[in-house]
Structures are given as structure tokens and as C-alpha cells.
Amino acid sequence: MYDIIIVGGGTAGLSAAIYGVRSGKSVLILEKAAYGGQIINSPEVENYPGIKKISGVEFARGLYDQAISLGAEFENGQVIRVEDSDDYKRVYVAGNGEQERCYEARSVILATGVKNRPLGVDREQELIGAGVSYCATCDGMFFRGREVAVVGGGNTALEDAIFLSNYCSKVYVIHRRDKFRGEDSQLQILKQKNNVEFILNSVVVGLKAQGVLEAVELQDTVTGEKTELPVSGLFVAIGKISDNDNFDNLVKLDETGYIHAAEDCKTDVAGIFAAGDCRTKNVRQLATAAADGAVAALAACEYTDRIVNTQG
């Protein structure tokens, strides 16, 4: 019986673990992939207060090492469901060919983060790993010296384009509007690059491939004209979507799948909390994920203490 089980080992989850163990609670982190979450895909982090510049991997490693050194436990596994039994919760983890595991805790923090939003065009899933990617820092080096395209207008898209411009012969930035949502400082860096070209007011409507990606079909959002752009790689950075399908029968979700929880990180189920990008909120940044982790952990500690005292 753990005091707190945290579902997700990203910034919110690891921050929650730190605050949980520092409050004297037993904490287990369950993460389906590598620890760190989305931030490990960022080559440079420059917007976290108190840290001038750090790589996303280094930032995540620091959080993980701190949580583990304080006494938190970490296990890999896909959480498939959580059951509420009043004074304790059961957390079930997929078995990966073995029998599924079950853990018990007095409280649970859902810190599941978000996942990449797909383009939704034909053959997209088929071509993942064969020219289509959602992570420039993961796959960019495979396209050294080749022509690629980045789709999106936010910070992630701009960061991806900057990273790829250092290795690829040509980087096209495709955006459905004529103005970007990303930071102007990133945009100005791209505008100084000789091997970067902007294709604005355009969307990807098709993929051309024979085994691997050969070109993308574009449509002008103003004129409706369609054109073909030969590229070897397409990096999709058009935002994130919720990843809470396994908990839709447990806690209340909004119409887009985010967990209903305010700044106190409390869900509609006693003893279950939500932290980070997975919950309903207006700002999803590294600093707010860490803050959510702290808030959720302290709320979980208070709830756990109350349960223990009630049980005598």
C-alpha cells in the first residue's frame, strides 16, 4: 500500500514525487515510456525560472535523480485503469505478455501529459518511421543533407525547424496561416537561415510515397490551389491532444478529453488528483507543470493524512 501513486513520469509527475517523498510519504511513479515526458525532445530549455539554459534531457534527468535519491520508486508500465475503492485506489498496469500488475495506494495523481496531434491525412500512420515523424530531435539526424518539411506554427514547430536547419540541406516550414503563434525570437532566428523557406497559408492534404515518403501535397488555404512539394521527411508539430482515454470512466473529462481539475488539482473523485498538461488549464508550460506537481502532491498528502487519521 503506497501513500501516493503517480501515473506519468514527466515534469508534473516527477515534481509531485519530489514533494510527496519530502512530506514523508511513500511514492510510486508509473511511466509507460522514458521518464521526462515531452521536455526530453527539446534540445534547449531557456524559459524555466532560475535556469539560464539547459537541455530537455538534462532537465528531466535532474528531476528524476532528485526524486529517486529522496526515496521515490519508479517503474515502467502502461496504466490501463484505476479503480476507486473509497479509502484506497487500485492501479492496474498492462502485463506486456505477463499477467497484469495491480498496485494499491491511498491517493493517485494523474500526470499523463499529452500526445502528438496527427495531421489526419491518408497514409500518415503507415509512413511513421518511413518519412513521417513527430520528433525532430529524435529522428532529424536520419535526414542529414536532405530536404524536409515542418508543419506547424507554434514554438515546437519553430524549434524543430531551427534544429533541422543545422543538419538538413533545406527546411520548409508549412503553416496554415500567415502569422505564427510561436515566440518571435525563434521566428527571427529562422528568418536568418539561408536554407529555411516558409510556405504560408497552406495545409498538407496528402502524402506521396513508394515505401518511403517522397513528397507532400499542399493546398493553399486562400486560393484552393494544390501543389506538390518533394521532401524526404515530414515533421508534424501541430499541437497536442489529451491522453486520458483509460480514465474516462473514473474522473470527469471535458469535451476534448482533458481531466476536469482547477488550480487545486482536485478531480471530482476524492483522493484522485490531476497535474500538468493532462488537466483543464489555459497555460501549459514547463513551469506550470512543475507547479501543478507540487500542488497535487501536497493535496494528496493532506488527503492521505486525513484517511490514515480516520482509520485510526
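Participant: What should I look at first to understand the packing of aromatic side chains in this one?
Facilitator: Remark: the centre distance and the inter-plane angle together describe each pair of aromatic rings, the angle taken between the planes. Tallying each qualifying case throughout the model produces eight aromatic pairs. On the numbers, 4.1 Å between centres and 5 degrees between planes, the contact of Y35 with Y64 is stacked. Of this pair, Y35 sits in the loop between β2 (27-31) and α2 (56-70) while Y64 is found in helix α2, placing the two residues 29 residues apart along the sequence. A ring pair is formed by F180 and F198, whose centres lie 5.7 Å apart and whose planes are at 70 degrees; its orientation type is edge-to-face. Taken together, the residues F180 in the loop between β10 (170-174) and α5 (184-191) and F198 in strand β11 (residues 196-199) connect sequence positions 18 residues apart. Following the ring pairs from residue to residue traces out a cluster consisting of Y35, Y64 and F74. The ring of Y258 has R284 sitting right over it, with the charged end atom 4.2 Å from the ring centre.

Participant: When you look at the sheet that holds β11 in this model, what are you seeing that I'm missing?
Facilitator: Adjacent strands of a sheet pair through backbone hydrogen bonds, lying either parallel or antiparallel. If you trace the five strands from one edge of the open sheet to the other, you get β8-β15-β9-β10-β11, paired in parallel fashion. Bordering the open sheet on either side are β8 (132-133) and β11, each of which pairs with just one other strand. Sheet topology note: the strand β9 (residues 147-151)/strand β15 (residues 233-236) ladder contains four bridges and is parallel. The residue of β15 that forms the bridge with V150 is F235. Here helix α4 (residues 155-165) sits on the sheet and contacts β9, β10, β11 and β15; the angle it forms with β9, its principal contact strand, is near 165 degrees.

Participant: When you look at α4 in this model, what are you seeing that I'm missing?
Facilitator: A large share of α4 lies buried, amounting to eight of its eleven residues. Looking at α4, one finds that the buried residues are A157, L158, D160, A161, I162, F163, L164 and S165. Packing partners of the buried residues in α4 comprise α3 (136-139), β9, β10, α5, β11 and β15.

Participant: Please explain the pattern of salt bridges as it appears in this structure.
Facilitator: Should the charged atoms of two oppositely charged side chains come close, the side chains can pair. All told, the structure shown has 16 salt bridges when counted by the stated rule. The shortest N-O distance in the salt bridge between K32 and D243 comes to 2.8 Å. Remark: D243 occurs in the loop between β16 (240-242) and β17 (272-274) and K32 occurs in the loop between β2 and α2; sequence separation between them is 211 residues. Between E44 and K53 there is a salt bridge; the shortest N-O distance is 3.9 Å. Among the charged side chains, a network of salt bridges with common partners joins E263, R279, K281 and D292.

Participant: Help me understand unusual backbone geometry in this model?
Facilitator: Backbone geometry follows two general trends: most residues other than glycine have a negative phi, and most peptide bonds adopt the trans configuration. A positive phi angle is found at R123, which is not glycine, with a value near 75 degrees. With respect to the helices, strands and loops of the structure, R123 is situated in the loop between β7 (114-116) and β8.

Participant: I would appreciate a short explanation of the packing of α4 against α5 in the present structure.
Facilitator: In the contact formed by α4 and α5, the axes pass within 10 Å of each other and the chain directions differ by 30 degrees. In this view, α4 runs roughly parallel relative to α5, as classed from their interaxial angle. Our pair here, α4 against α5, has a crossing hand that is left-handed. Residues L158, E159, A161 and I162 of α4 form the contact with α5, whose own contacting residues are Q186, L187, I189 and L190. Across the contact of α4 with α5, the residue classes break down as six nonpolar, one polar and one charged.

Participant: In this structure, what is going on with the sheet that holds strand β12 (residues 202-210)? I would like to understand it.
Facilitator: Strand order in this open sheet of three strands is β12-β13-β14, and the pairing throughout is antiparallel. Of all strands in the sheet, those with a lone pairing partner are β12 and β14 (226-230), marking the two edges. Pairs of neighbouring strands in the sheet enclose a mean axial angle of 30 degrees, with direction left out of account. Bridge count for strand β13 (residues 212-220) against β14 is five bridges, and the pairing is antiparallel. When the bridges of β14 are listed, V216 appears paired with L229.

Rules used in this analysis
- Residues numbered from 1 in each chain as written.
- Predicted model: local features only at pLDDT ≥ 70, side-chain atom pairs only at ≥ 80, totals over all residues.
- Heavy atoms only, no water.
- Phe/Tyr/Trp six-rings, centres within 6.5 Å; stacked < 30°, edge-to-face > 60°.
- Helix = DSSP H or I, 4+ residues; strand = E, 2+ residues; numbered from the N terminus.
- Lys NZ or Arg CZ within 6 Å of the ring centre and 35° of its normal.
- Pairing = 2+ DSSP bridges.
- Contact = heavy atoms within 4.5 Å.
- Axes fitted to C-alpha atoms, helices over the stretch in contact; angles between N-to-C directions.
- Buried < 20%, exposed > 50% of the residue type's maximum accessible area, 1.4 Å probe, protein only.
- Salt bridge = Lys/Arg side-chain N within 4 Å of Asp/Glu carboxyl O.
- Parallel < 35°, antiparallel > 145°, perpendicular 65-115°, else oblique.
- Left-handed = near helix turned anticlockwise from the far one by under 90°.
- Nonpolar A, V, L, I, M, F, W, Y, C, P; charged D, E, K, R; others polar.

So, to be careful, I would describe these as geometric facts and stop short of saying anything about function.
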